[in-house]
Amino acid sequence: MLGDVQKVDAIYLACGYTDLRRGIDGLVELVQTQFQLDPFSNSLFLFCGRRRDRIKALLWEGDGFVLLYKRMERGGFVWPRSAQEMRQLSRQEFRWLLEGLSVDQPRANRPVERVILQ
């Protein structure tokens, strides 16, 4: 389920550490107050603790929140720790994250922006 994000409009990653003892209400409050985003939007919000082997994901489904929890059995997630901000991910970056790779792949081809030729 966590890997299937085709129906969400945006994927956000909370950089830095998050206390994973927080439940739905605590994560909703964090999204609203610290990041000034709407937790009721069609967005997936990702959080990671200090150990980097577990993540929580918060998703509003129209009639309630879904809280997903994933624990890696070997290794961990390569999680951006430099800033206390919310970062938007592409679907490809999200797949890299779930595979244990960095979302900042230095050798990956980046999307090309539209250029209007005259």
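Located above this text is the structure these notes cover.
Residues numbered from 1 in each chain as written. Predicted model: local features only at pLDDT ≥ 70, side-chain atom pairs only at ≥ 80, totals over all residues. Heavy atoms only, no water.

Participant: What is the right way to read the side chain of serine 43 from this model?
Facilitator: Residue position: serine 43 is located in strand 2 (residues 43-48). Overall, the relative accessible area of 5% leaves serine 43 in the buried class. What serine 43 contacts, discounting residues up to four positions off in sequence, is Ala10, Tyr12, Leu58, Leu59 and Trp60. (Helix = DSSP H or I, 4+ residues; strand = E, 2+ residues; numbered from the N terminus. Buried < 20%, exposed > 50% of the residue type's maximum accessible area, 1.4 Å probe, protein only. Contact = heavy atoms within 4.5 Å.)

Participant: Sorry if this is basic, but what is going on with the sheet that holds strand 1 (residues 10-14) here?
Facilitator: Strand pairing in a sheet relies on backbone hydrogen bonds, with the paired strands running either antiparallel or parallel. Across the sheet, which stays open at both edges, the five strands sit in the order 4-3-2-1-5 with mixed pairing between neighbours. Edge strands, defined here as strands with exactly one partner in the open sheet, are strand 4 (65-71) and strand 5 (86-89). Ignoring which end each strand starts from, the neighbouring axes of this sheet average 25° apart. In this structure, strand 3 (residues 54-60) lies alongside strand 4, joined through seven bridges in antiparallel fashion. Note that in strand 4 the partner of alanine 57 across the bridge is leucine 68. Sheet strands in contact with helix 2 (residues 91-98) are strand 1, strand 2, strand 3, strand 4 and strand 5, and its direction is about 105° off that of strand 5. (Pairing = 2+ DSSP bridges. Axes fitted to C-alpha atoms, helices over the stretch in contact; angles between N-to-C directions.)

Participant: Is there a simple way to explain the nonpolar core in this structure?
Facilitator: As a rule of thumb, nonpolar side chains are buried together in soluble globular proteins. With 20 residues, the main nonpolar core has Ile11, Leu44, Leu46, Phe77, Trp79, Leu89 and Leu97 as its most contacted residues. Listing elements by their share of this core, those giving two or more residues are strand 1, strand 2, strand 3, strand 4 and helix 2. Membership of the second largest hydrophobic core comes to 13 residues, among which are Ala10, Tyr12, Leu27 and Met86. (Core = buried A, V, L, I, M, F, W, Y, C linked by side-chain atoms within 4.5 Å.)

Participant: I would appreciate a short explanation of the environment of leucine 98 in the present structure.
Facilitator: Inspection of the secondary structure assignment puts leucine 98 in helix 2. The spacing of leucine 98 and methionine 72 is 26 residues in sequence and 9.3 Å in space, taken between C-alpha atoms.

Participant: How should I be thinking about helix 2 in this particular structure?
Facilitator: Helical geometry note: an α-helix holds 3.6 residues per turn, so side chains three or four residues apart project in the same direction. Among the residues making up helix 2, those that are buried are Glu93, Phe94, Trp96, Leu97 and Leu98. Phi turns positive, to about 85°, at glycine 100, one or two residues after helix 2.

Participant: Hey, could you run me through helix 1 (residues 24-33) in this one?
Facilitator: All buried positions along helix 1 are accounted for by Gly26, Leu27, Val28, Leu30 and Val31. On its buried face, helix 1 sits against strand 2, strand 3, strand 4 and strand 5.

Participant: Just checking my understanding: could you explain the environment of arginine 81 for this structure?
Facilitator: Note that arginine 81 resides in the loop between strand 4 and strand 5. By relative accessible area, arginine 81 is classed as partly exposed at 23%. Spatially, the C-alpha atoms of arginine 81 and cysteine 48 are 9.8 Å apart, while their sequence positions differ by 33 residues. Not counting chain neighbours up to four residues away, the residues in contact with arginine 81 comprise Gly16, Tyr17, Cys48, Gly49, Arg50 and Arg52.

Participant: I tried to follow the side chain of glutamate 93 on my own but got confused; where do I start?
Facilitator: As for its placement among the helices and strands, glutamate 93 is situated in helix 2. Note on glutamate 93: relative accessible area 13%, which makes it buried. A polar atom in the side chain of glutamate 93 sits 2.8 Å from the backbone nitrogen of serine 90. (Polar contact = N/O pair within 3.5 Å; in protein donor to acceptor, adjacent residues only side chain to side chain.)

Shape descriptors only; they carry no functional weight alone.
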